[in-house]
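Given next are the chains, with one letter for each unit.
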Amino acid sequence: MAFKVFDKIYKIELPVPFPIGTINVFFIDESPKTIIDTGIKTEESLLALNRGLREIGYELRSLERILITHGHIDHYGQAKRIFYISGAPIHIHSKEYGRIRSFIHSFGFLRSILLRNGIPESMIRDIIHQFQSAQIMGDSLDEAFFLKDGDRIDFKSMNLEVIECPGHSPGMLCFFWPEKKILFSGDHILKEITPNPTLNVSEYTPPFHYPSLKEYLTSLKKIERLDISLILPGHGEEILDPKGLIKKLFNHHEERMNNIIQLLSREDKTAFQIATELFPNIPAFEVFLGVSEVLGHLEILREQGKIRIYEREGKDYYSLE
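Bear in mind the structure is a predicted one, so any value in this text is a computation, not a measurement.

Here's the deal with the nonpolar core
Item 1. Formed by 51 residues in total, the largest nonpolar core has its most connected members in Ile189 and Leu298.
Item 2. Among the elements of the structure, α5 (107–116), α6 (121–134), β10 (173–177), α7 (212–224), α8 (242–264), α9 (271–278), α10 (287–303) and β13 (307–312) are those that each provide at least two residues to this core.
Item 3. Per-element tally for this core: the top contributor is α10, with eight residues.
Item 4. When near neighbours in sequence (up to four residues on either side) are disregarded, isoleucine 189 contacts Pro195, Leu220, Ile223, Ile231, Pro233, Ile239, Leu245, Ile246 and Leu249.

Structure, rendered in structure tokens:
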């Protein structure tokens, strides 16, 4: 179904076979006709998108532009298919374009990083299998236009500002309509879920650095400075109290770092051991996300001089300074 969330803006919820259940695709009924994100590449998702557009009076071939917030499969998966149907050009950050095209070739390095952080071999096989299986739900991108911070996306009688918000993904983009104080946040800010800055390695020789959470918090401060009255996120409900939610997110991460310090006060641990204690009932398919979050906090604590890292039997252990 399509829901009108503001003048010219419609939300169409598309199904995804993940715990989160759905993704929000936004249609802007202004020339050129634009959607923000696309959902995954399944017949069910495509039918739901076409049905939503028809409720507004359009079809897939009516689309004239595709904006992608970031390169996670639920956000770009059927972009190429929509391009073939409509001819609508795809716009994305260059980092996300590169990650989409090279992701399938990075599994060997991902395996070594997960092993180094203490995840058991059998669990790593499951994690990589999940990633590999998900690739059928998204097409790699060929032609695309690249967006960067400060770019302006013009419509007939309005424009959106491009805001780079690395963290959840290195080339994460938000789109801001300043006149109406509306932000399309992708997965950078969600109402009911703390966005997880996923594993991103900035250097390829030990000791490895994991800057995702640090980048995310910097991006969050960037958004906090904007005059926003409504956030339209990639999942879940609209956010009517942006300042309050951003403050809650900062508090959450501060509390999480204190929890990690308490755990390390008992004994040295790997990132995987910390994750299993912080999230004792974490499902196997979410272990990657749990370890990603922990590594982000550990990186900040290491920069603050509160912890140190050392290698033991091929694994990275963390201890209090």
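Here we look at the pattern of salt bridges
Item 1. Evaluated as defined, the whole model comprises 25 salt bridges.
Item 2. We note a salt bridge from arginine 81 to glutamate 43, for which the minimum N-O separation is 3.2 Å. Of this pair, arginine 81 sits in helix α3 (residues 79–86) while glutamate 43 sits in helix α1 (residues 43–56), placing them 38 residues apart in sequence.
Item 3. Residue glutamate 43 is classed as partly exposed on the basis of its relative accessible area, which comes to 48%.
Item 4. With a shortest N-O distance of 2.9 Å, arginine 302 and glutamate 299 are connected by a salt bridge. With arginine 302 and glutamate 299 both in helix α10 and three residues apart, the pair spans about one turn of that helix. With respect to burial, arginine 302 and glutamate 299 carry one shared label: buried.
Item 5. Connected through shared salt-bridge partners, Arg266, Glu267, Lys269 and Glu277 make up one network.

Some details on the sheet that holds strand β1 (residues 2–6)
Item 1. Judged by pairing direction, the sheet is mixed, and its seven strands sit side by side in the order β1-β2-β3-β4-β5-β6-β7 without closing on themselves. Lying at the two open borders of the sheet, with one neighbouring strand each, are β1 and β7 (145–147). Averaged over neighbouring strand pairs, the angle between their axes works out to 30° when direction is ignored.
Item 2. With three bridges joining them, strand β4 (residues 34–36) and strand β5 (residues 65–67) adopt parallel strand pairing.

Some remarks on helix α4 (residues 94–102)
Item 1. Buried within α4 are the following residues: Glu96, Tyr97 and Ile100. Angular distribution of buried residues about the axis of α4 spans 105°; they occupy a single face of the element.
Item 2. In the core, the buried residues of α4 are packed alongside α2 (73–76), β6 (90–93) and β7.

Regarding the state of the cysteines
Item 1. One pass over the structure, following the stated rule, counts zero disulfides.
Item 2. Cysteine cysteine 165 shares no disulfide, and the gap to the nearest cysteine sulfur, in cysteine 174, comes to 3.7 Å.
Item 3. Looking at cysteine 165, the relative accessible area reads 0%, which means it is buried.
Item 4. The class of cysteine 174 is buried, set by a relative accessible area of 0%.

A closer look at the sheet that holds strand β11 (residues 182–186)
The strands making up a sheet associate through hydrogen bonds between their backbones, and the pairing can be parallel or antiparallel.
Item 1. With respect to topology, five strands assemble into an open sheet ordered β8-β9-β10-β11-β12, the strand pairing being mixed. Each end of this open sheet is capped by a strand with a single partner; those strands are β8 (152–154) and β12 (230–233). When the angles between neighbouring strand axes are averaged without regard to direction, this sheet yields 25°.
Item 2. In this structure, β10 lies alongside β11, joined through three bridges in antiparallel fashion. Opposite tryptophan 177, over in β11, you have isoleucine 182 as the bridge partner.

Things to note about the pairing of strand β9 (residues 159–164)
Item 1. Bridge count for β8 against β9 is three bridges, and the pairing is antiparallel. Residue pairing across strands places arginine 152 opposite glutamate 161, the latter belonging to β9.
Item 2. Taking the residues that link successive antiparallel strands as the turn, the β8-β9 hairpin has four residues.
Item 3. Two strands pair when backbone bridges link them, and β9 and β10 are joined in this way by four bridges, in the antiparallel orientation. In the strand pairing of β10, glutamate 164 is matched with leucine 173.

What to know about the environment of lysine 11
Item 1. Examined against the element boundaries, lysine 11 turns out to sit in strand β2 (residues 9–15).
Item 2. Contacts of lysine 11, omitting those with residues within four sequence positions, involve Met1, Ala2, Phe3, Val5, Asn24, Val25, Phe26, Gly236 and Glu238.
Item 3. Here glutamate 238 takes part through its side chain, which lies 2.8 Å from a polar atom of the side chain of lysine 11.

Let's talk about the packing of aromatic side chains
Item 1. Under the criterion given, the structure shown has eight aromatic pairs.
Item 2. Residues phenylalanine 109 and phenylalanine 208 carry aromatic rings whose centres are separated by 6.1 Å and whose planes lie at 75° to one another, so their mutual orientation is edge-to-face. Of this pair, phenylalanine 109 sits in helix α5 while phenylalanine 208 sits in the loop between β11 and α7, and the two are 99 residues apart along the sequence.
Item 3. Accessibility expressed as a relative area gives 28% for phenylalanine 109, which makes it partly exposed.
Item 4. The cationic tip of arginine 65 hangs over the ring face of phenylalanine 155; the distance from NZ or CZ to the ring centre is 4.5 Å.
Item 5. It is arginine 312 that lies over the ring of tyrosine 317; its NZ or CZ is 4.0 Å from the centre.

The rules we used
Residues numbered from 1 in each chain as written. Predicted model: local features only at pLDDT ≥ 70, side-chain atom pairs only at ≥ 80, totals over all residues. Heavy atoms only, no water. Core = buried A, V, L, I, M, F, W, Y, C linked by side-chain atoms within 4.5 Å. Buried < 20%, exposed > 50% of the residue type's maximum accessible area, 1.4 Å probe, protein only. Helix = DSSP H or I, 4+ residues; strand = E, 2+ residues; numbered from the N terminus. Contact = heavy atoms within 4.5 Å. Salt bridge = Lys/Arg side-chain N within 4 Å of Asp/Glu carboxyl O. Pairing = 2+ DSSP bridges. Axes fitted to C-alpha atoms, helices over the stretch in contact; angles between N-to-C directions. Arc of directions from axis to C-beta. Disulfide = S-S within 2.5 Å. Polar contact = N/O pair within 3.5 Å; in protein donor to acceptor, adjacent residues only side chain to side chain. Phe/Tyr/Trp six-rings, centres within 6.5 Å; stacked < 30°, edge-to-face > 60°. Lys NZ or Arg CZ within 6 Å of the ring centre and 35° of its normal.

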